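This is what each chain is made of:
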Amino acid sequence: FCPPGRYGDSKTCPWLFTYSADLVFIAGGNNGANLNSVEYFSLSALSWSPGPALPVSAQGGVMMSLNQETVFIGGDKNKKIFSLEKTGHSFDWWQWREVGEMASARRYFSAIVLDTFDCDNYRG
C-alpha cells in the first residue's frame, strides 16, 4: 500500500495511520536511507498527496491516535514524540510539533492507548 515507485520492490514501507475516515497517512520509512517524508492517501479521491515532513528521518517509528491527536513516536535513533496539528482552516495543511521525549530511542515496537484509570486501579 505504499505510493507507487517510491520504495522499490524490496524497501521498507513506512507506518500507516488513518487520520480520518477519508485519509490514510504514511510517515518515515527507508529506501536505502531513513526518510522524513509523509504522504497521505485520500480514499474519496483515490490519490496520494504530500504531507508535512517529519522533523527527523525515521524508520521503525509508531504512529497512532491519542485523544483525537495523531502522534509519531520513536524510530531509528529518535527519542522524540511529535504531534500532527492542523495549521489554518484548510483540512489538508498540517505541521509536526514536538510534544515529548522517551528515555531512550526505540524502533520497531508496539504502542497502545491506555486510560490511566486502568493502571491506577490494577490489582494484579
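Since we're looking at a predicted model, the values are computed, not measured.

Digging into the nonpolar core
Ranked by internal contacts, the top residues of the largest apolar core, which has 13 residues, are Phe25, Phe72 and Trp96. Listed in part, the six residues of the second largest apolar core include Val62, Val71, Ile73 and Phe109.

Looking at the confidence of the model for the protein
Of all residues in the protein, 76% attain a pLDDT of 70 or more, and the chain-wide mean is 78. Within the protein, the lowest mean pLDDT, 56, falls on strand 1 (residues 15-18), and the highest, 92, falls on strand 8 (residues 94-101). The model gives residues 8-12 a pLDDT under 50, and that stretch makes eight contacts with residues more than four places away or in other chains.

Here's the deal with the environment of Val56
Residue position: Val56 is located in the loop between strand 4 (47-50) and strand 5 (62-66). With a relative accessible area of 22%, Val56 lands in the partly exposed category. Separated by 20 residues in the primary sequence, Val56 and Asp76 place their C-alpha atoms 9.5 Å from one another.

Some points on the side chain of Asp76
Residue position: Asp76 is located in the loop between strand 6 (69-73) and strand 7 (80-86). Once residues lying within four places of it in the same chain are set aside, the contact partners of Asp76 are Asn34, Ser57, Gln59, Arg106 and Arg107.

What about the pattern of salt bridges?
According to the stated counting rule, one finds five salt bridges in the structure shown. A salt bridge links Glu98 to Lys80, with the shortest nitrogen-to-oxygen separation between them at 3.3 Å. Here Glu98 is found in strand 8, whereas its partner Lys80 is found in strand 7, with 18 residues between them in sequence. Owing to a relative accessible area of 43%, Glu98 belongs among the partly exposed residues under this scheme. Here Lys80 and Glu101 are joined by a salt bridge, their closest N and O atoms 2.9 Å apart.

Points about the packing of aromatic side chains
For the structure shown, the criterion picks out five aromatic pairs. Residues Tyr40 and Trp94 carry aromatic rings whose centres are separated by 5.1 Å and whose planes lie at 80 degrees to one another, so their mutual orientation is edge-to-face. Within this pair, whereas Tyr40 is found in strand 3 (residues 38-42), its partner Trp94 is found in strand 8, the two being separated by 54 residues in sequence. Like Tyr40, the residue Trp94 is buried in the burial classification. An aromatic cluster is present here, built from Phe25, Tyr40 and Trp94 joined pairwise through their rings.

Focus: the pairing of strand 2 (residues 23-27)
Counting buried positions over the five residues of strand 2 gives five, a clear majority of the element. Here strand 2 shows two buried faces, one formed by Leu23, Phe25 and Ala27 and the other by Val24 and Ile26. Bridge count between strand 2 and strand 3: five bridges; the pairing is antiparallel. From the neighbouring strand, Phe25 faces strand 3, where its bridge partner is Tyr40.

What counts as what
Residues numbered from 1 in each chain as written. Predicted model: local features only at pLDDT ≥ 70, side-chain atom pairs only at ≥ 80, totals over all residues. Heavy atoms only, no water. Core = buried A, V, L, I, M, F, W, Y, C linked by side-chain atoms within 4.5 Å. Buried < 20%, exposed > 50% of the residue type's maximum accessible area, 1.4 Å probe, protein only. pLDDT = per-residue confidence, 0-100. Helix = DSSP H or I, 4+ residues; strand = E, 2+ residues; numbered from the N terminus. Contact = heavy atoms within 4.5 Å. Salt bridge = Lys/Arg side-chain N within 4 Å of Asp/Glu carboxyl O. Phe/Tyr/Trp six-rings, centres within 6.5 Å; stacked < 30°, edge-to-face > 60°. Pairing = 2+ DSSP bridges.

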